[in-house]
Structures are given as C-alpha cells and as structure tokens.
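# Working through the structure, step by step
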Amino acid sequence: MNQLNSLILEGNITREPEYKETPHGYKVCRIPLAVNHYYKNNDGQGVEEVSYFDVEVFGKMAEYCQTRTEKGRGMRVVGRLKQDRWKTTDGKNASRISIVAEHIEFKPHLEKKGESKDELNDIAAATEAAAAEEATF
C-alpha cells in the first residue's frame, strides 16, 4: 500500500519551461515555480519568504503545458514529491527533490493594454475547460 505523499502548491512560473521527449516518445515538461509566503516576525515587520520548486509534468499534461505555460503566469499544482538519487563523477551521493504534477490549473492572464475583462474571462473559462478535459488523469 502506498503511503501518503500529496501536496498542493500555488505560485508563479519563474522562467520558460523545458520540454523534452524521451527516446520512447514520452513527453516531459519541467516547470520552475516560485511560491511566496508572507508572515510577520517577532518585531511585527512583514517578511517575504520565497521557495523555488521544479514541477515535472508527463504525457498529455506535458503536451497541454507546452501551449499554456509562460514566464510569470500563475499556476496551481496538485501532486507528489519525488526524490532522484545518483552518484556524481567523483563518487559522491547526490539527490534532488522535485514535484510530479497529477493535476494543474492555470490562473488567468493579467490584463494587458487593449484587452477587455470580458476577453480575459473568456480566456480563463476556456483554459479551465481545457484543463479539466485534457489535463486531469
């Protein structure tokens, strides 16, 4: 039986995602995500803490992300943690923890000059419908 390994993150994409295809034709997308956390310290001053994560997306969700992801866009991820381990060239143990996405949602684009709120709402509705149809396993 699998033990519990589940998380939800919401943040912003920090740079353009990396898209790859394995030798067997399987699509993989790695999305760098920044998550902000705000709190007050003992002196009552606001503190901003930023954490950076690599989100891995596979298969049809990776294909979907290829058309939707861009730097700065907000994204919510439901997934699990995965640890990769290997030996470096000098024989030392190394590891990296990433997040494997099981469900993703994109936040609507921020309004740009020349775009109306109705157009943005249409884009957001289309994005949510497409995500529900194509990106959920």
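Worth saying up front: this structure is predicted, and the values here are computed from it rather than measured.

## Considerations on the pairing of strand S4 (residues 46-58)
Inspection of the sheet shows strand S3 (residues 27-40) paired to S4 by 13 bridges, in the antiparallel sense. Looking across to S4, one finds that His37 is bridged to Glu49. The hairpin formed by S3 and S4 contains 5 residues between the paired strands, and Gly44 there has a positive phi angle of roughly 85°.

## Regarding the nonpolar core
Of all hydrophobic cores here, the largest spans 19 residues; its most connected members are Ile31, Leu33, Val55, Val57, Met75, Val77 and Ile104. Among all residues touching Leu33, those that are not within four sequence positions of it are Leu9, Gly11, Asn12, Ile13, Thr14, Ser51, Tyr52, Phe53, Val55, Met75 and Val77.

## Examining the packing of aromatic side chains
As enumerated under the stated definition, the model contains 2 aromatic pairs in all. Between Tyr26 and Phe58 the ring centres are 6.3 Å apart and the planes differ by 25°, which places this aromatic pair in the stacked class. Of this pair, Tyr26 sits in the loop between strand S2 (18-21) and S3 while Phe58 sits in strand S4; the two residues are 32 residues apart in sequence, bridging distant segments of the chain. Judged by its relative accessible area of 23%, Phe58 is partly exposed. Aromatic pair Tyr64 and Phe106: ring centres 6.0 Å apart, planes at 40°, arrangement tilted.

## Brief notes about the environment of Lys107
With respect to the helices and strands, the residue Lys107 is situated in the loop between strand S6 (93-106) and helix H2 (117-134). Look at Lys107 and you get partly exposed, because its relative accessible area is 34%. Residues Lys107 and Arg76, 31 residues apart in the sequence, show an inter-C-alpha distance of 7.6 Å. If we ignore the near neighbours within four places in the chain, the residues touching Lys107 are Glu10, Arg73, Gly74 and Met75. Engagement of the side chain of Lys107 in a polar contact is seen with the side chain of Glu10, the distance being 2.6 Å.

Reading the values: the criteria
Residues numbered from 1 in each chain as written. Predicted model: local features only at pLDDT ≥ 70, side-chain atom pairs only at ≥ 80, totals over all residues. Heavy atoms only, no water. Pairing = 2+ DSSP bridges. Helix = DSSP H or I, 4+ residues; strand = E, 2+ residues; numbered from the N terminus. Core = buried A, V, L, I, M, F, W, Y, C linked by side-chain atoms within 4.5 Å. Buried < 20%, exposed > 50% of the residue type's maximum accessible area, 1.4 Å probe, protein only. Contact = heavy atoms within 4.5 Å. Phe/Tyr/Trp six-rings, centres within 6.5 Å; stacked < 30°, edge-to-face > 60°. Polar contact = N/O pair within 3.5 Å; in protein donor to acceptor, adjacent residues only side chain to side chain.

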